[in-house]
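What follows is each chain in one-letter form.
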Amino acid sequence: MSTAPLLRFGTYPTPVERLDALSKPGATLWVKRDDRSSPIYGGNKVRKLDHVLADARARGATRLVTIGAAGSHHVLATTIFGKRAGLEVDAILVPQPRNERAVRTLRASLAQGAHAWPAESWSMVPWLVLRRRLAGAYYIPIGGSSVAGSMAYVDAARELAAQVRAREMPEPDAIVVAVGSGGTAAGLAAGLEVAGMKTRVVGVVIATPMGFVRWSTRRMARVCLRRAGGEGAHAAMRARLELDSRWCGEGYGLPTPEGARALDAAASAGLALDATYTSKAFAAALDLIAKGRHANILFWNTLSSAPMSALVEAAPAEDALDPRVRRLLR
Ligand SMILES: *Cc1c(COP(=O)(O)O)cnc(C)c1O
């Protein structure tokens, strides 16, 4: 990996805040505001891209190729910040359940200049990726969870450790975070280990196949730990990283009743969440608060809270999309 200076698209540290309205006596809920990682478009992909785009530029790339669901936050973030780094973005898009957020995110990605390559099914993806790579594009895996991208969350764990030292919050017993491609949870687990924190990571798996997601998340956590110089702490890290598959429901992007209730509870406390990722993770966080066995739970908010209006200003209407792209939202 390169030692190129990072591109700093994000603004750090992101704040930590108490959610008094949803806390209980003896069990306080906190939130890490990675939703505010950038005023242009926030969420967890910004930290990853700081690292990934620096690597791409250091390798002389002029184009990127990445993969995502049609309404992928990762594709939108890669397009926005990739363009700002002077790179063209090829996005291989796969089908996903249609909802308003997915429609808006897809329209924004296209308006921001993503070149969309619709894949009717997952089986077409390797071929499409290969073609773009042969054309010289730098490859960013799904969710931005390359080693470089995941290492961003080792830094994020160090950032939290500094906030705890500065008494912005007590050392949390657990961080609760959504797990899609797994780089966020993996980097956090490795980073907490090398930062000497006691905090556990509860990764809430929201993508399928869940066995594969759990396996690849653990594998990436080991790679990050080695990179971060934490050799020898594998067993401790394994014990600290819990991957909870109980909140996914029928699959990626499909709402659950628990998620819907958590979304409403969060909204009542002023926190806007989504159906695919954060509401399912938040349901798990509320469950830990209800059980009351932990004094401090930190919900890691991975969803952008930046207004989308500017990003969709020049966007095509859904009806005006290339039919092959529009049909990806089912
Ligand atoms: C991408 C994403 C995640 C999942 O992060 P991974 O590092 O892929 O596990 C969680 N929440 C939101 C809102 C996301 O966009």
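Everything in this summary refers to the structure shown in the same document. (Residues numbered from 1 in each chain as written. Predicted model: local features only at pLDDT ≥ 70, side-chain atom pairs only at ≥ 80, totals over all residues. Heavy atoms only, no water.)

## With respect to the pairing of strand β7 (residues 174-179)
Part 1 of the argument: For β7, a buried count of six out of six residues is recorded, marking the element as mostly surrounded by other parts of the structure.
Part 2 of the argument: Neither face of β7 is left uncovered, since the one carrying A174, V176 and A178 and the one carrying I175, V177 and V179 both have all their residues buried.
Part 3 of the argument: Looking at chain direction, β7 and strand β8 (residues 200-205) are connected through six bridges and run parallel. By the bridge assignment for β8, A178 is matched with V204.
Part 4 of the argument: Running through helix α6 (residues 183-194), the crossover from β7 to the neighbouring parallel element β8 is right-handed. (Buried < 20%, exposed > 50% of the residue type's maximum accessible area, 1.4 Å probe, protein only. Helix = DSSP H or I, 4+ residues; strand = E, 2+ residues; numbered from the N terminus. Pairing = 2+ DSSP bridges. Right-handed = clockwise from strand over helix to strand, strands pointing away.)

## A short note on the sheet that holds strand β5 (residues 115-118)
Part 1 of the argument: Here we have four strands laid out as an open sheet, ordered β5-β4-β3-β6, and parallel in their pairing. The sheet is open, and its two edges are formed by β5 and β6 (138-140), each paired on a single side. Along the sheet, successive strands turn relative to each other by an average axial angle of 25 degrees, direction set aside.
Part 2 of the argument: The sheet contact formed by strand β3 (residues 63-69) and strand β4 (residues 88-94) spans seven bridges and is parallel. Paired with I67 across the bridge in β4 is I92.
Part 3 of the argument: Contacting β3, β4 and β6, helix α2 (residues 73-84) crosses the sheet at an angle of about 160 degrees to β3. (Axes fitted to C-alpha atoms, helices over the stretch in contact; angles between N-to-C directions. Contact = heavy atoms within 4.5 Å.)

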